[in-house]
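Fold and contact review
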Amino acid sequence: MTNKNQTLGEFIIENQKSHQYSSGELSSLINSIRLAAKVVNFQVNKAGLVDIIGDSNTINTQGEEQQKLDFYANDIFINALRNRNIVCGIASEEEEDFISINSLDECNNNKYVVLIDPLDGSSNIDVNVSVGTIFSIYKRVSETGTKVELKDFLQKGNKQVAAGYIIYGTSTMLVYTTGFGVNGFTLNPAIGSFYLSHPEIKFPEKGNIYSINEGNYLQFPKGVKKYIKYCQDETNKVAYTSRYIGSLVSDFHRNMIKGGIYMYPNTSKNINGKLRLLYECNPIAFICEQAGGVAIDGSSRILDVNPKSLHQRIPFYCGSPSMVKKLKSLMINN
Ligand code: AHG
Ligand code: MN
Ligand code: MN
């Protein structure tokens, strides 16, 4: 039963009580993410006021410019998780290697690892466009009490215990799943609490929004080009429309609420696509499926892909089931 006046804190406790997770560890973990999200939200909101925006003149592990808030959000989330001693390892898009929180001086028996894209869509910060945070949670596969290993992070997406995102938009929302549907909470900035505003979110079966960076059109695989032309065909019964923000979280969120498809194909420049399997595609795919949507790499289910490296990229297509089905049929027959 959902109660719209419920705060995220109350919702977490209630779900723990209803035995969705066996110990309080996952609840504490989600609570820490909730707190870190509020801190990052505060900074994102005042980004235009202080000298915190702009490039930091460094490049991240994948060679992209890091914005100052990327650093900041990375530190906030890592410190929130480390200081509260509730995970055994963290991997971040902004860190070259994973972080073990089982070093001798910080020995713990925690069983969860977190993978995070601390600031998604960061090129949008300077121009006051929505950005987000994406997180993904797994149970470690190596022995508890020992140092985490790479294999704890390179698990298939279908092993995720929870995943979610925070969207710092016209309002700030935290949307997450623990494998029992998707719920969205909106921050009331006056009180500082997240309230259940979008219970049991479901993807519309059909939609009319397609989201893709069409600037790369000439480099797209044939099937994707055909799909775009299909959407633009005036003889269509459905009047499709194009919407692309350039923040995966924001584009996905809109499509999940209104019905649509998000596409980031492989291109001749990015032969494996641009998005990261572990920090972006797996968590979004988990949420997508839990909301009744479909997420594929062009032919196969994203959640069944066997990860090979931490910063691996993959082509990504997700959204309303009938739209992804149509796209897939055009991709497979090309
Ligand atoms: P990040 O800011 O974490 O590097 O992610 C940016 C990603 C994603 O959010 C977005 O959908 C995509 O990059 C946009 O890429 P293009 O500018 O190539 O369209
Ligand atoms: Mn990102
Ligand atoms: Mn990022």
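The coordinates are above.
What counts and what doesn't
Residues numbered from 1 in each chain as written. Chains lettered and ligands numbered in written order. Predicted model: local features only at pLDDT ≥ 70, side-chain atom pairs only at ≥ 80, totals over all residues. Heavy atoms only, no water. Helix = DSSP H or I, 4+ residues; strand = E, 2+ residues; numbered from the N terminus. Rg over C-alpha atoms; globule rule 2.2 N^0.38 Å. Buried < 20%, exposed > 50% of the residue type's maximum accessible area, 1.4 Å probe, protein only. Areas by Shrake-Rupley, 256 points an atom, 1.4 Å probe, with all protein chains shown as cover. Lys, Arg positive; Asp, Glu negative; His and termini not counted. Charge placed at Lys NZ, Arg CZ, Asp CG, Glu CD. Donors = N, O, S within 2.8 Å, 3.2 Å for Na, K, Ca; no water. Phe/Tyr/Trp six-rings, centres within 6.5 Å; stacked < 30°, edge-to-face > 60°. Lys NZ or Arg CZ within 6 Å of the ring centre and 35° of its normal. Near = heavy atom within 4 Å. Polar contact = N/O pair within 3.5 Å; in protein donor to acceptor, adjacent residues only side chain to side chain. Nonpolar A, V, L, I, M, F, W, Y, C, P; charged D, E, K, R; others polar. Domains from an automatic or database assignment.

Here's the deal with the overall build of the protein chain
In terms of regular secondary structure, the protein chain is built from 8 helices and 15 strands. Scaling as 2.2 N^0.38, a compact globule of 334 residues should have a C-alpha radius of gyration of about 20 Å, and the protein chain matches this with 19 Å. Overall, the C-alpha framework of the protein chain stretches about 65 × 45 × 45 Å when taken along its three principal axes. Residue burial in the protein chain is summarised as follows: out of 334 residues, 56% are buried. Total accessible area on the protein chain is roughly 14500 Å²; 49% of this is exposed by carbon and sulfur atoms. For the protein chain, the centre of its 34 positive side-chain charges and the centre of its 32 negative side-chain charges are spaced 8 Å apart.

Some thoughts on the coordination of the manganese ion (ligand 2)
Four donors placed tetrahedrally about a metal ideally form angles of 109.5 degrees, and six donors placed octahedrally ideally form angles of 90 or 180 degrees. Donor atoms from the polypeptide that bind the manganese ion (ligand 2) are Asp117 (OD), Asp120 (OD) and Glu280 (OE), placed at 1.9 to 2.2 Å. Written as a sequence motif, the donor residues of the manganese ion (ligand 2) are D-x2-D-x159-E. Separating the manganese ion (ligand 2) from the manganese ion (ligand 3) is a distance of 3.7 Å, and aspartate 117 supplies a donor atom to each of them. There is no split in this pair, since aspartate 117 and aspartate 120 are both buried.

So, the packing of aromatic side chains
Taken as a whole and assessed by the stated rule, the structure comprises 11 aromatic pairs. Ring centres of tyrosine 227 and tyrosine 230 lie 5.8 Å apart, and the angle between their planes is 35 degrees; on these two criteria the pair is classed as tilted. Taken together, the residues tyrosine 227 and tyrosine 230, both in helix H5 (residues 222–232) and 3 residues apart, mark about one turn of the helix. Given the relative accessible area of 0%, tyrosine 227 is considered buried. By relative accessible area, which is 26% here, tyrosine 230 ends up partly exposed. The structure contains a cluster of three or more aromatic residues connected by ring pairs, namely Phe11, Tyr176 and Phe185. The ring of tyrosine 230 carries the charged tip of lysine 326 above its face, separated from the ring centre by 4.6 Å.

A closer look at the site of ligand 1
Lining the immediate surroundings of ligand 1 are 17 residues, of which Asp120, Gly121, Tyr244, Tyr262 and Tyr264 lie closest. Here tyrosine 264 contributes a side-chain N or O atom positioned 2.5 Å from an oxygen atom of ligand 1. The protein chains hide 84% of the 470 Å² of surface that ligand 1 would expose on its own. Elements with a minimum of two residues in the shell around ligand 1: strand S5 (112–120) and strand S13 (260–264). Ranked by residues supplied to the shell around ligand 1, first place goes to S5 with 3 residues. For the shell around ligand 1, the per-class residue count stands at 6 nonpolar, 5 polar and 6 charged. Mapped onto the domain boundaries, the shell around ligand 1 takes at least three residues apiece from domain 1 (8–198) and domain 2 (209–332).

By themselves, these observations are geometric and do not establish any function.
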